Amino acid sequence: HKGEGNRAFQEKRFEDAVASFSRAAALEPKNWVFFSNRSAAYAELGRYDDALDDAKETIRLNCEWTKGYVRLAIQSCSTIACSFRIRSSWRGCKSK
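Treat the numbers as computed from the prediction; the structure is a model and nothing was measured. (Residues numbered from 1 in each chain as written. Predicted model: local features only at pLDDT ≥ 70, side-chain atom pairs only at ≥ 80, totals over all residues. Heavy atoms only, no water.)

**Q** I keep staring at the confidence of the model for the chain and nothing clicks. Help me out?
**A** Interpreting fine coordinate detail is not advised for predicted regions of low pLDDT. On average, the chain scores 86 in pLDDT, and the residues at 70 or more come to 79%. The least confident element of the chain is helix α6 (residues 82–94), whose mean pLDDT is 59; the most confident is helix α2 (residues 14–27), at 97. (pLDDT = per-residue confidence, 0-100. Helix = DSSP H or I, 4+ residues; strand = E, 2+ residues; numbered from the N terminus.)

**Q** Would you take a moment to explain the pattern of salt bridges for this structure?
**A** Side chains carrying opposite charge are able to pair once their charged atoms draw close together. Across all of its chains, the model carries six salt bridges by this definition. Here R23 ties to E4 by a salt bridge, and the two come within 3.4 Å at their closest N and O atoms. Separated by 19 residues along the polypeptide, R23 in helix α2 and E4 in helix α1 (residues 2–10) bring together distant segments of the chain. A salt bridge links R13 to E11, with the nearest nitrogen and oxygen atoms 2.8 Å apart. With a relative accessible area of 34%, R13 lands in the partly exposed category. Several salt bridges share partner residues, and in doing so they unite E11, R13 and D16 into one network. (Salt bridge = Lys/Arg side-chain N within 4 Å of Asp/Glu carboxyl O. Buried < 20%, exposed > 50% of the residue type's maximum accessible area, 1.4 Å probe, protein only.)

As structure tokens, then:
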């Protein structure tokens, strides 16, 4: 499903990408890459709340994976609270 999602994303078929990454996440719910990729697809569709939720899930599943913070920053930085959200998530990772 990940390969299908990646292909759909590259072809700008973002709805298909979301569906593929969702199937992959259902099969492997602890694989943060699926949530990260789906976050990017949601963002391309303008579904920013869903993209932000998946970015947060990416970090929850693997707080040491930098790309999760990149996804979070992209979805959060339209607000003044951007740096606070990123620092807050990083602090949560360090306290585990």
